[in-house]
Amino acid sequence: MKPSYEFCRRCEKIAVDQRRLLNRSPYDPLRGEELAQWHGVQLREPNTMPGDAREAATIVVAQSDWDAVLLPSLPNDVRIILLRPHVSPARRQSTIMHEIAHLLLGHDPLAWNEQTGGFETRRKADETEAAYLGGCLQIPEVALRWAVQSYLTIGRTASHFGASERMVRYRADITRMSLRR
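Here's a quick rundown of the structure. (Residues numbered from 1 in each chain as written. Predicted model: local features only at pLDDT ≥ 70, side-chain atom pairs only at ≥ 80, totals over all residues. Heavy atoms only, no water.)

**So, the environment of Ala158**
Tracing the backbone through its elements, the reader meets Ala158 in helix 7 (residues 154-161). The exposure class assigned to Ala158 is buried, which follows from its relative accessible area of 4%. Residues Ala158 and Arg169, eleven residues apart in the sequence, show an inter-C-alpha distance of 9.2 Å. Setting aside residues up to four positions removed in sequence, Ala158 forms contacts with Ala163, Ser164, Glu165 and Val168. (Helix = DSSP H or I, 4+ residues; strand = E, 2+ residues; numbered from the N terminus. Buried < 20%, exposed > 50% of the residue type's maximum accessible area, 1.4 Å probe, protein only. Contact = heavy atoms within 4.5 Å.)

Below is the structure:
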């Protein structure tokens, strides 16, 4: 399922607006940790979860094939993104942006299913939307245009934005821009 043109334009605007909130230009790098902090979202790995939640989080991470999950709000309205430990820095950035995208798009947080011992799965449409906005948050289209005009290679662009080369190629392909190899 491909997002609509209108949705894609909306995501590009959200990505630039999020940078403006943090006094950044559209082509400045933005770390997922900074954006999470701005939105009051805590980033945690299983070993940093409080009390009983630590053991459950460790079990979930060990049994699951995901890199992160936006947990439902805690009683004091604290949001947490539970991160899988030991992923590459670029993957971590992409993952954080993806989970923040769920938040910005108003997607329901995943619920824990006691019967299966895992989180409910998201609707495919929600995942598609979060994947698109997450990529925009990491590297907005206007930032790619800047990279092209600055004659940056894919590798230099990835380094500048803390992204993987795969993410840069994805964003370049989807926005129909050509970066130097």
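**Some words on the pairing of strand 3 (residues 79-83)**
By the criterion of burial, strand 3 is predominantly enclosed, with four of the five residues buried. In this sheet, strand 3 lies alongside strand 1 (residues 41-44) in parallel orientation, the contact comprising four bridges. Following the sheet pairing, Val41 is matched in strand 3 by Arg79. For strand 2 (residues 68-70) and strand 3, the ladder comprises three bridges, and the chain directions are antiparallel. Directly across from Leu70, in strand 3, lies its bridge partner Ile81. (Pairing = 2+ DSSP bridges.)

**Thoughts on the packing of aromatic side chains**
Scanning the entire structure with this criterion turns up three aromatic pairs. Residues Tyr27 and Trp146 carry aromatic rings whose centres are separated by 5.4 Å and whose planes lie at 10° to one another, so their mutual orientation is stacked. A residue pair is termed long-range when its members are at least 10 positions apart, and Tyr27 in the loop between helix 1 (5-21) and helix 2 (32-38) and Trp146 in helix 6 (residues 141-149) qualify at 119 residues. Given a relative accessible area of 24%, Trp146 falls into the partly exposed group. Of the aromatic side chains, those joined through ring pairs into one cluster are Tyr27, Trp146 and Phe161. (Phe/Tyr/Trp six-rings, centres within 6.5 Å; stacked < 30°, edge-to-face > 60°.)

**Some details on the pattern of salt bridges**
If you walk through the whole model with that rule in mind, you get ten salt bridges. A salt bridge links Asp17 to Lys13; the shortest N-O distance between them is 2.7 Å. Taken as a pair, Asp17 and Lys13 lie in helix 1 at a separation of four residues, close to a single helical turn. By relative accessible area, Lys13 is classed as exposed at 53%. Salt-bridge contacts for Arg92 lead to Glu33; the nearest nitrogen and oxygen are separated by 3.3 Å. Of this pair, Arg92 sits in helix 4 (residues 89-104) while Glu33 sits in helix 2, and the two are 59 residues apart along the sequence. Assessed through its relative accessible area of 23%, Arg92 is described here as partly exposed. If you follow the salt bridges from partner to partner, you end up with Arg31, Glu33, Glu45 and Arg92 in one network. (Salt bridge = Lys/Arg side-chain N within 4 Å of Asp/Glu carboxyl O.)

**A closer look at the side chain of Ser94**
Inspection of the secondary structure puts Ser94 in helix 4. The residues contacting Ser94, other than those within four sequence positions of it, are Gln138 and Met167.

**Structural notes on the nonpolar core**
If you look at the biggest cluster of nonpolar residues, it comprises 23 residues, and the most contacted ones within it are Ile81, Ile100, Leu133 and Leu137. Elements with a minimum of two residues in this core: helix 1, helix 2, strand 2, strand 3, helix 4 and helix 5 (124-138). Not counting residues up to four positions away in its chain, the partners in contact with Ile100 are Gly32, Leu35, Ala36, Ile81 and Leu137. Counting residues in each nonpolar core, the second largest holds 14 residues, with Ile139, Ile154, Phe161 and Met167 among its members. (Core = buried A, V, L, I, M, F, W, Y, C linked by side-chain atoms within 4.5 Å.)

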